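A closer look at the structure
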2 protein chains.
Amino acid sequence: MVKAKYWEYSSKFVGEPKLSNFKLVEEDLRELKDEEFLAEAIFLSVDPYQQVYMNFYNFPTGIVMIGGQVAKVIDSKNEQFPTGCTIYGMFGWRTHTVVNLIMHTEYPPYILPDFGSTLPASLGLGLLGMPGNTAYFGFLEICRPKPDETVVISGAAGAVGSTVGQIAKIKGCRVIGIAGSDEKCKWLIDELGFDGAINYKTADIDAELKSKAPNGVDCYFDNVGGKISSIVLQNMNLFGRISVCGSISNYNNLHPDSVPEPLPEQQTTILFKQLTQQGFVVYRWKEQWLEGINQLLEWVKDGKIKYRETIYEGFEKQPEAFIGMLRGENIGKAIVKI
Amino acid sequence: MVKAKYWEYSSKFVGEPKLSNFKLVEEDLRELKDEEFLAEAIFLSVDPYQQVYMNFYNFPTGIVMIGGQVAKVIDSKNEQFPTGCTIYGMFGWRTHTVVNLIMHTEYPPYILPDFGSTLPASLGLGLLGMPGNTAYFGFLEICRPKPDETVVISGAAGAVGSTVGQIAKIKGCRVIGIAGSDEKCKWLIDELGFDGAINYKTADIDAELKSKAPNGVDCYFDNVGGKISSIVLQNMNLFGRISVCGSISNYNNLHPDSVPEPLPEQQTTILFKQLTQQGFVVYRWKEQWLEGINQLLEWVKDGKIKYRETIYEGFEKQPEAFIGMLRGENIGKAIVKI
């Protein structure tokens, strides 16, 4: 009998998630039935959506905390997922999972493409997974960048933002990232080739933008919302495009009882600058999923896209990794290694 | 020598425009030079943009107040605009204008198309002019409505909104208008064929929307911004489209010294509902101008689009008409007849 551990969502998030919102639980897994397989987690993901979904969809307490993982199939009664294969699955914060595909129709698990011998399987949670495709489709399909345009990215040192910036460079754009530390800003410029970076915690964002983007901003890839986005909008050019990927500045305020921070009206700016602002969830492009992954794989193999992971060791570190990621402690993709 | 009268923008708008912001001035016009012509206003337009442009572009006091007019050419040294023709021109709030085309390259005057014998020339300021094209292009090109979709329009009883609703009906949509009086709501339903109307001054907009649009809102044509738009956004469907045509709720707050009313963050809604919000200025489609006018002309001749004008008599009524229009006193297009 296999013993599994999982993290339960034991009390509702009010404001910033806390360790006390989670409870570690052990359970005995049942035997596999026909068509089922057993997945053992290798890497677990922490992502901003995991906070906001719990509140936005009002998930009940007592359930397994949601999330994706890279796992190895260690026993199988399903021909599609034979023992030994490495997969991605939305199984939640669990060490071991009895997977019945009937339970996973919305986000079906899939066998990871061959990343080659030098790239870690953990990239299936980051650059070569959901965050990578979020950058790929969410930037290219919504911002539709043209060469020589100026692109601004908030949350630029995260898993998605850092990839967006490098795709923008491949497309010939001028790229400015907004991030939360001098170390992150240095990484964006020195390692990833960004043209500029702004530490929003210490800089006058408006003045820095005007200096680093003297021709104005054409594309804004927005992970944060709130005041930072208000300032970027004021600096946009006629017919600018805004891809709304995330709204992390608001995620602490999404409990039904809380009132979001009021912001100045942006509508007059949207009107007169004739801006287009579009929100998206990456599964909109799920039919093209491998197209995105394969392009990113080619770019990373060619050295055109670099990645970085902040790795937390051990299943028991999962809530800490999650809280740290939401606070912006990570550079690149935050991963928990089991 | 021709005597002209004009309304001067004599002090800056702070909040709602007042009669004291304008001064009536008389002047002697000079003789026509080669290529010039003399236009005599027949109908003058008042439109919401006239308020916001003065602040947004920080126009100086002392200039002629901006605006369009339908005019008759009463003397001409220009073959393109012979004496006797009826034209549309952005000549400002003036009775008589010496027109030199070199001064009007951005919005060049044009001879009105033949409206037929039953339609008044004043339609060149409304249904068959800028507001008509604003409705035509701004709704069809940005909302891209599909049959059976639900369309909500704010400022629905104005020149633009009332036309948008009728175009939406032609396209097979379900149409709900938001307007500021029971009389306007009754007109929208009884005369224009809207499926529903909400008096925002007396109704619980959210409850009314949920009742009148039980399947949610697919397209929102927004003339107002502010709280009304916040409520409509909360009621939109996945992949909804928002055409930002105006932001009249904010126009009283656009003076450089004023702080706009704060509103709750909408970004999480835009994100999870994957909405597209696009601002526009109708001159984006100036190359297709007559295509829009001619289609609207065909629809009005076929009885598929009705119009209404609120007519103020006399040039001296121009500021009152403008202030009244901004307060929502008009139904349909507000016009001043000289």
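What you are looking at is a predicted structure, and each value in this text was computed from that prediction instead of being measured.

Focus on the overall build of chain A
Secondary structure summary: chain A contains nine helices and 15 strands in total. The C-alpha extent of chain A, read off along each of the three principal axes, is 65 × 50 × 35 Å. Partitioning the intrachain contacts of chain A with sequence separation of at least 6 by distance along the chain shows that 68% fall at a separation of at least 24. Averaging the locations of the 33 positively and 40 negatively charged side chains of chain A gives two centres separated by 3 Å.

A short note on the nonpolar core
Ranked by internal contacts, the top residues of the largest apolar core, which has 192 residues, are Phe139 of chain A together with Phe139 of chain B. Not counting the four nearest positions on each side in its chain, Phe139 of chain A is found in contact with Thr134, Arg144, Pro145, Val151, Val164, Ile167, Ala168, Cys219 and Phe221 of chain A.

Remarks on the environment of Lys5 of chain A
Residue and element names in this part refer to chain A. Within the secondary structure, Lys5 is located in strand E1 (residues 3-9). Residue Lys5 is classed as partly exposed on the basis of its relative accessible area, which comes to 35%. Sequence spacing of Lys5 and Val175 is 170 residues, and the spatial spacing of their C-alpha atoms is 43 Å. Ignoring sequence-local partners within four residues, the contact set of Lys5 consists of Leu24, Val25, Glu26, Trp93, Arg94, Thr95 and Phe315.

Quick word on the interface of chain A and chain B
Each side of the interface is counted separately: chain A has 36 residues, and chain B has 36 residues. Between the two partners, chain A and chain B, sit zero salt bridges. One can count 15 residue pairs in polar contact (both at pLDDT 80 or more) joining chain A with chain B. Of all the secondary-structure elements, those providing two or more residues to the side of chain A that touches chain B are helix H1 (49-56), strand E12 (236-244), helix H7 (267-272) and strand E13 (276-279) of chain A. Take the side of chain A that touches chain B: its biggest share by element is five residues, from H7 of chain A. Inspection of the sheet shows E13 of chain A paired to strand E13 (residues 276-279) of chain B by three bridges, in the antiparallel sense. By the bridge assignment for E13 of chain B, Gln278 of chain A is matched with Thr276 of chain B.

Considerations on unusual backbone geometry
Residue and element names in this part refer to chain A. Here the phi dihedral of Glu35 falls at roughly 75°; this positive angle occurs in a residue that is not glycine. We note that Arg144 has phi near 45°; this positive angle belongs to a residue other than glycine. As for its placement among the helices and strands, Arg144 is situated in the loop between helix H2 (130-143) and strand E8 (150-154). Accessibility expressed as a relative area gives 53% for Arg144, which makes it exposed.

Quick notes on the relation of the copies chain A and chain B
When chain A is fitted to chain B, the best match, at an RMSD of 0.0 Å, comes from turning it 180° and sliding it 0.0 Å along the axis. Accordingly, the operation relating the two chain copies is best matched by a two-fold axis. Same-surface contact between copies: 100% of interface residues of chain A are shared with the interface of chain B.

Observations regarding the domain arrangement of chain A
In many analyses, interface size is given as the accessible surface area lost on bringing the parts together. All names here are of chain A. With domains assigned, chain A is organised as domain 1 (2-126 + 308-337) and domain 2 (130-283). Each of domain 1 and domain 2 has a C-alpha centre, and the two are 28 Å apart. Across the contact, 25 residues belong to domain 1 and 16 residues belong to domain 2. Taking both partners together, domain 1 and domain 2 bury about 1800 Å²; carbon and sulfur atoms supply 61% of that area. In this structure, the connection of domain 1 to domain 2 is made through one salt bridge. For the salt bridge of Arg308 with Glu183, the shortest nitrogen-to-oxygen distance reads 3.7 Å. Across the domain 1-domain 2 interface, the total number found is four residue pairs in polar contact (both at pLDDT 80 or more). When residues of the side of domain 1 that touches domain 2 are assigned to their parent elements, the largest contribution, five residues, is made by H1. When its residues are assigned to classes, the side of domain 1 that touches domain 2 shows 12 nonpolar, eight polar and five charged.

Remarks on the packing of helix H2 (residues 130-143) of chain B against helix H8 (residues 289-301) of chain B
All names here are of chain B. Close contact between H2 and H8 brings their axes to 9 Å; oriented N to C, the two are set at 95°. When the axes of H2 and H8 are compared, the pair comes out roughly perpendicular. Side by side, H2 and H8 meet where Met130, Gly132, Asn133, Tyr136 and Phe137 of the first sit next to Trp289, Glu291, Gly292, Ile293, Gln295, Leu296 and Trp299 of the second. Counted by class, the contact of H2 with H8 contains seven nonpolar, four polar and one charged residues.

Here's the deal with the sheet that holds strand E9 (residues 174-179) of chain A
Spatial strand order, E10(A)-E9(A)-E8(A)-E11(A)-E12(A)-E13(A)-E13(B)-E12(B)-E11(B)-E8(B)-E9(B)-E10(B): 12 strands in an open sheet with mixed pairing. This sheet does not close on itself; its edge strands, each paired only once, are strand E10 (196-199) of chain A together with strand E10 (196-199) of chain B. Neighbour-to-neighbour, the strand axes of this sheet turn through a mean angle of 15°, independent of strand direction. Where E12 of chain A lies against E13 of chain A, four bridges are found, and the strand directions are parallel. Looking at the pairing, Val244 of chain A lines up with Gly279 of chain A of E13 of chain A.

Some thoughts on the pattern of salt bridges
Evaluation of the coordinates by the stated rule reveals 26 salt bridges over all chains. Glu149 of chain A is paired through a salt bridge with Lys146 of chain A; the nearest N and O atoms lie 3.9 Å apart. Given a relative accessible area of 46%, Lys146 of chain A falls into the partly exposed group. With its nearest N and O atoms 2.6 Å apart, the salt bridge here joins Lys3 of chain B to Asp28 of chain B. With Lys3 of chain B in strand E1 (residues 3-9) and Asp28 of chain B in strand E2 (residues 22-28), the pair connects residues that are 25 residues apart, well separated along the chain. What makes Asp28 of chain B partly exposed here is its relative accessible area of 43%. A cluster of three or more residues bridged by salt bridges with shared partners is formed by Lys146, Glu149 and Arg241 of chain A.

Examining the environment of Val98 of chain B
Residue and element names in this part refer to chain B. The residue Val98 is located in strand E6 (residues 96-99) in this model. A residue is classified by how much of its surface remains accessible, and Val98, at 18% relative accessible area, is buried. Val98 sits 59 residues away from Ala39 along the chain, and the two C-alpha atoms are 6.5 Å apart. Other than its neighbours up to four places away in sequence, Val98 contacts Leu29, Arg30, Leu32, Glu36, Phe37 and Leu38.

A closer look at the pairing of strand E3 (residues 37-45) of chain A
Residue and element names in this part refer to chain A. Across the nine residues that make up E3, a large majority, seven, are buried. Both E3 and strand E4 (residues 69-76) contribute to a ladder of seven bridges, which runs antiparallel. Each residue of the ladder has a partner; that of Ala41, found in E4, is Ala71. Across four bridges, E3 lies against strand E6 (residues 96-99) in antiparallel orientation. Directly across from Phe37, in E6, lies its bridge partner Val99. Looking at chain direction, E3 and strand E15 (residues 333-337) are connected through three bridges and run antiparallel. Paired with Ser45 across the strands is Ile335, a residue of E15.

With respect to helix H9 (residues 318-326) of chain A
Residues and elements named next belong to chain A. Most of H9 sits out of view: eight of its nine residues are buried. For H9, the set of buried residues is Gln318, Pro319, Ala321, Phe322, Ile323, Gly324, Met325 and Leu326. Summarising the contacts, the buried residues of H9 are in contact with E1, strand E2 (22-28), E3, H1, strand E14 (309-313) and E15. Immediately downstream of H9, the backbone of Gly328 shows phi near 85°, a positive value.

Each value, and the rule that gives it
The written sequence of each chain sets the order in which its residues are numbered from 1. Lettering for chains starts from A, numbering for ligands starts from 1, and both go in the order in which the items are written. With the structure being a predicted model, the display of local features is reserved for residues of pLDDT at least 70 and the display and counting of side-chain atom pairs for 80 or more, all residues being used for whole-chain, interface and lining totals. Think of the side-chain values as coming from all heavy atoms in the structure, minus any hydrogens and water. Numbering of helices and strands runs from the N terminus, with a helix taken as a DSSP run of H or I at least four residues long and a strand as a DSSP run of E at least two residues long. Residues count as neighbours in contact if any of their non-hydrogen atoms are within 4.5 Å of one another. Positive charges come from Lys and Arg, negative ones from Asp and Glu, while His and the chain ends are left out of the count. Here the site of a charge means NZ on Lys, CZ on Arg, CG on Asp, or CD on Glu. To form a nonpolar core, buried Ala, Val, Leu, Ile, Met, Phe, Trp, Tyr and Cys residues must be joined to one another through side-chain atoms within 4.5 Å. Summary of the burial criterion: residues with accessible area below 20% of their type's maximum are buried, those above 50% are exposed, and those between are partly exposed, where the area comes from a 1.4 Å probe applied to protein chains only. By definition, a salt bridge exists where a carboxyl oxygen of Asp or Glu is found within 4 Å of a side-chain nitrogen of Lys or Arg. Polar contact criterion, stated in full: a pair of N or O atoms within 3.5 Å, where within protein one must be able to donate a hydrogen and the other to accept it, and residues adjacent in sequence count only if both atoms are side-chain atoms. Paired strands, in this sense, are two strands between which DSSP finds at least two bridges. Least-squares superposition of the copies uses the C-alpha atoms of those residues scoring a pLDDT of at least 70 in each of them. Segmentation into domains, and thus their bounds, comes from an automatic or database assignment. Once two parts are put together, the accessible area they lose, assessed with a 1.4 Å probe and summed over both, is termed the buried area. Charged residues are taken to be Asp, Glu, Lys and Arg, nonpolar residues to be Ala, Val, Leu, Ile, Met, Phe, Trp, Tyr, Cys and Pro, and polar residues to be all remaining types, Gly included. Every angle, taken between N-to-C directions, lies between 0 and 180 degrees, and every axis is a line fitted to C-alpha atoms, over only the stretch in contact when it is a helix. For classification purposes, angles smaller than 35 degrees are called roughly parallel, those larger than 145 roughly antiparallel, those between 65 and 115 roughly perpendicular, and all remaining angles oblique.

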